[in-house]
Amino acid sequence: MIITTTNSIEGHKILEYKGIVVGEAIMGANVVRDLFASITDIVGGRSGAYEAKLQDARDVAMRELEQRALALGGNAVVGVDLDYEVVGNSMLMVSASGTAVLTDRG
């Protein structure tokens, strides 16, 4: 499935707009607390453990976005936006939103 931040897919015509789709992933209190506790692996101002957890959350959100697009009959998602929010004092949410579309590809 093509998932893009652009509003069109070069070389493909959008045949139908299926609707807005969203995927979310929330990292719970223990994960965030453990990440901050393990910041000892910071090298050059970066935390590999924290970056890995953020990547995991992004992957979950994107998979959920794709599954919801498929459920609507879409074969691509355009206009994707990734957002990061702190929820409460100790949770981090990653959300991916976009528009599921049906294109002329395949």
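None of these values were measured; they are calculated from a predicted model. (Residues numbered from 1 in each chain as written. Predicted model: local features only at pLDDT ≥ 70, side-chain atom pairs only at ≥ 80, totals over all residues. Heavy atoms only, no water.)

Student: Describe the overall build of the chain, naming the residues involved and giving the relevant values.
Tutor: Across its full length, the chain carries two helices and six strands. For the chain, the α and β elements follow one another from N to C terminus as β-β-α-β-β-α-β-β. Total accessible area on the chain is roughly 6,300 Å²; 53% of this is exposed by carbon and sulfur atoms. (Helix = DSSP H or I, 4+ residues; strand = E, 2+ residues; numbered from the N terminus. Areas by Shrake-Rupley, 256 points an atom, 1.4 Å probe, with all protein chains shown as cover.)

Student: Go over the pattern of salt bridges, please, and point to the residues and values.
Tutor: Overall, the coordinates contain three salt bridges when judged by the stated rule. Notably, a salt bridge pairs arginine 68 with glutamate 64, separated by 3.3 Å at the nearest N-O pair. Linking arginine 68 with glutamate 64, this pair stays in helix α2 (residues 48–71), spanning four residues, or about one helical turn. For arginine 68, a relative accessible area of 38% gives the class partly exposed. (Salt bridge = Lys/Arg side-chain N within 4 Å of Asp/Glu carboxyl O. Buried < 20%, exposed > 50% of the residue type's maximum accessible area, 1.4 Å probe, protein only.)

Student: Can you tell me about the confidence of the model for the chain, naming the residues and giving the values?
Tutor: Scored by pLDDT, the chain comes out at a mean of 85, with 78% of its residues at no less than 70. Averaged pLDDT values for the elements of the chain fall to 51 in strand β3 (residues 42–43) and rise to 96 in strand β1 (residues 2–3). (pLDDT = per-residue confidence, 0-100.)

Student: Describe in detail the nonpolar core, supporting the description with residues and values.
Tutor: Grouped together as the largest cluster of nonpolar side chains are 14 residues, with contacts concentrated most on Val21, Ala57, Leu65, Ala69 and Val77. Those elements giving two or more residues to this core turn out to be β2 (14–27), α2, β5 (76–87) and β6 (91–103). When residues of this core are assigned to their parent elements, the largest contribution, five residues, is made by α2. Ranked by size, the runner-up nonpolar core spans five residues in total, among them Ile9, Ala76, Val78 and Val101. (Core = buried A, V, L, I, M, F, W, Y, C linked by side-chain atoms within 4.5 Å.)

Student: So what about the sheet that holds β5? Which residues, and what values?
Tutor: Spatially, the four strands line up as an open sheet ordered β1-β5-β6-β2, and their pairing is mixed. Of all strands in the sheet, those with a lone pairing partner are β1 and β2, marking the two edges. Examined bridge by bridge, β5 and β6 share 10 bridges and lie antiparallel to one another. By the bridge assignment for β6, tyrosine 84 is matched with valine 94. (Pairing = 2+ DSSP bridges.)

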